[in-house]
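# Tertiary structure, described
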Amino acid sequence: MALIRLLKMLLEIITKKKCNEVYLIAEIGQNHQGCLETAKAMILEAKKAGCNCVKFQKSDLKSKFTRSALNRAYESKNSWGKTYGEHKQFLEFSKEQYQQLQAYSNEIKIDFTASAMDEPSLDFLVDLKVPFIKIGSGDANNFPLLTKAASLNIPLVISTGMQTMQTVDKIVEIMKQAGNNRYALMHCVSAYPTPPNDCNLQMIATLMRRYPNVAIGYSGHELGVRITEAAILTGARIVERHFTLDKNQKGSDHRCSLDPSEMWSLVRFINEFKHNAYISTPGLSADQVVTILGGGKQLEQALQEGKGKEKVILESELPCRLKLGKSIVAARSLDVRQTIQAADLAIKVSEPSGISAEKYFDIIGMRLKDSVNEDEPITENMLIP
């Protein structure tokens, strides 16, 4: 019954029937270090803190990455393998492990889901019968994946980091064309950690005005909880923060994750304000939010007026976009002067990169001036104008 109530709360937030509740997602991601028992310990700590949901990341590596991306040497203090593929494989859980984690989450009564990083992973999560599916920022411009996800009878939570407003408009258009109104958009900045002056919390209000029928949330990567509290007061009703048991562990996400004490603090804030007029009436001004939260330079930077008028890719997001942004690649070997069809294309993390994923529909019907091997990126100079 508790899980049914949690999902009902999420759906009531998504359909805008409730504005005085906050659905809190603990993003475990791959902070479990590839260990099932650590993952279970993290689920339990998230439950104890009062989170509504734990979320993992599901990838089919050959569908998400090109061979060249998987085979590149990965020399880093955060590496779990000699190549990037070995590193990623070490951190992937199997179907049976996902089933164990889901069963454990059900047992202790906390929602369990994951981000679908590619189409096979989307199918996997549908078969697993998760309550909703997350589409991460890296796939917010993966329009074929979004089109497929929109056609499914399952709620979606879609992050919008390292994307432009034009891409967000396209997401909303895809959902509308599918007749899907069970989704939420998450304001997000894909910088780890996000500097306060790039958090751009005014974008929450901008998205609320631009898409009045869509629930708007916040997926934060900044340090600490105060800016996330401000996001809630600004109007975010679905909140996601990365979660860790120890910020000093090996891995690039731990530093900008919340530890258990910080997650407890965030839950206390939500419980304190969820029946208060502040949280029942989104639309507080930046000055009001700063005053309520006791001031501070970082809050003022995160809430700067004027920064939220237009959504652009920030300089601080470029490292993540270069590393994990998706490109258009050849799904099969293509010949010179061949006219490109949808079946000829795939969207993957590629090294080197190719045309950005959001141009997928734009290049269908164009012809190639060069041949392209299967799993290689398609670049602008390969296309006949």
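Predicted model only: the values in this text are computed from it and were never measured. (Residues numbered from 1 in each chain as written. Predicted model: local features only at pLDDT ≥ 70, side-chain atom pairs only at ≥ 80, totals over all residues. Heavy atoms only, no water.)

## Brief notes about the packing of aromatic side chains
The tally for this structure, following the rule as stated, stands at 12 aromatic pairs. Here the aromatic rings of Phe93 and Tyr98 are separated by 6.4 Å at their centres, their planes lie at 75°, and the arrangement is edge-to-face. Across this residue pair, the class does not change: Phe93 and Tyr98 are buried. An aromatic cluster is present here, built from Phe56, Phe93, Tyr98, Phe112 and Phe124 joined pairwise through their rings. Above the plane of the ring of Tyr84 lies Arg72, whose end atom (NZ or CZ) is 4.6 Å from the centre. Positioned above the aromatic ring of Trp80, the side-chain terminus of Lys250 is 4.1 Å from the ring centre. (Phe/Tyr/Trp six-rings, centres within 6.5 Å; stacked < 30°, edge-to-face > 60°. Buried < 20%, exposed > 50% of the residue type's maximum accessible area, 1.4 Å probe, protein only. Lys NZ or Arg CZ within 6 Å of the ring centre and 35° of its normal.)

## Digging into the side chain of Asn52
With respect to the helices, strands and loops of the structure, Asn52 is situated in the loop between α2 (36-49) and β2 (53-58). A distance of 2.7 Å separates the side chain of Asn52 from the backbone nitrogen of Leu24, its partner in a polar contact. (Helix = DSSP H or I, 4+ residues; strand = E, 2+ residues; numbered from the N terminus. Polar contact = N/O pair within 3.5 Å; in protein donor to acceptor, adjacent residues only side chain to side chain.)

## Description of the pattern of salt bridges
This model, assessed by the stated rule, comprises 21 salt bridges. Linking Asp123 and Lys148 is a salt bridge whose minimum nitrogen-to-oxygen distance equals 2.9 Å. Of this pair, Asp123 sits in helix α7 (residues 119-128) while Lys148 sits in helix α8 (residues 143-150), and the two are 25 residues apart along the sequence. Since its relative accessible area comes to 32%, Asp123 is described here as partly exposed. The salt bridge involving Lys170 is made with Glu173; its shortest N-O contact spans 3.7 Å. Residue Lys170 and its partner Glu173 are both found in helix α9 (residues 165-177); the two are separated by three residues, about one turn of the helix. On the basis of relative accessibility, which here comes to 37%, the residue Glu173 falls in the partly exposed class. Via salt bridges that share partners, Glu27, Lys55, Lys134 and Glu240 belong to a single interconnected network. (Salt bridge = Lys/Arg side-chain N within 4 Å of Asp/Glu carboxyl O.)

## A closer look at α9
Given a rise of 1.5 Å per residue, 13 residues ought to cover 18 Å, and the 18 Å separating the end C-alpha atoms of α9 matches this to within 8%. Met165, Thr167, Val168, Ile171, Val172, Ile174 and Met175 are the residues of α9 that are buried. Among the structural elements, α8, β5 (156-159), β6 (183-188) and α10 (202-210) are those in contact with the buried residues of α9. (Expected span 1.5 Å × (residues − 1). Contact = heavy atoms within 4.5 Å.)

## Some thoughts on the environment of Asn153
Along the chain, the position of Asn153 falls in the loop between α8 and β5. It is 25 Å that separates the C-alpha atoms of Asn153 and Ala343, two residues lying 190 residues apart in sequence. Within the structure, Asn153 has its side chain in polar contact with the side chain of Arg182 (distance 3.1 Å).

## Describing the pairing of β2
Within β2, six of the six residues are buried, which leaves it mostly tucked inside the rest of the structure. Relative to β2, strand β1 (residues 23-29) is paired through four bridges, and the arrangement is parallel. In the sheet register, Ala26 faces β2, and the bridge partner there is Val54. Two strands pair when backbone bridges link them, and β2 and strand β3 (residues 111-116) are joined in this way by six bridges, in the parallel orientation. Bridge pairing in β3 places Lys55 opposite Thr113. (Pairing = 2+ DSSP bridges.)

## Here we look at the pairing of β1
Consecutive side chains along a regular strand alternate between the two faces of the sheet. By the criterion of burial, β1 is predominantly enclosed, with seven of the seven residues buried. The side-chain alternation of β1 yields two buried faces, one formed by Tyr23, Ile25, Glu27 and Gly29 and the other by Leu24, Ala26 and Ile28. As paired elements, β1 and strand β8 (residues 238-242) share five bridges and run parallel to each other. The residue of β8 that forms the bridge with Glu27 is His242.

## Let's talk about the nonpolar core
Of all hydrophobic cores here, the largest spans 79 residues; its most connected members are Phe56 and Leu185. In terms of nonpolar packing, the next biggest core, distinct from the first, is built from 15 residues, Ile328, Ile340, Ile347 and Ala357 among them. (Core = buried A, V, L, I, M, F, W, Y, C linked by side-chain atoms within 4.5 Å.)

## What to know about the packing of helix α11 (residues 226-234) against helix α12 (residues 260-273)
Axis separation between α11 and α12 bottoms out at 10 Å; the angle between their running directions is 25°. By the angle between their axes, α11 is roughly parallel relative to α12. Relative to α12, the crossing made by α11 is right-handed. For the pair α11 and α12, contact is made by Thr228, Glu229, Ile232 and Leu233 and by Ser265, Leu266, Phe269, Ile270 and Phe273, respectively. Residue classes in the contact of α11 with α12 are distributed as six nonpolar, two polar and one charged. (Axes fitted to C-alpha atoms, helices over the stretch in contact; angles between N-to-C directions. Parallel < 35°, antiparallel > 145°, perpendicular 65-115°, else oblique. Left-handed = near helix turned anticlockwise from the far one by under 90°. Nonpolar A, V, L, I, M, F, W, Y, C, P; charged D, E, K, R; others polar.)

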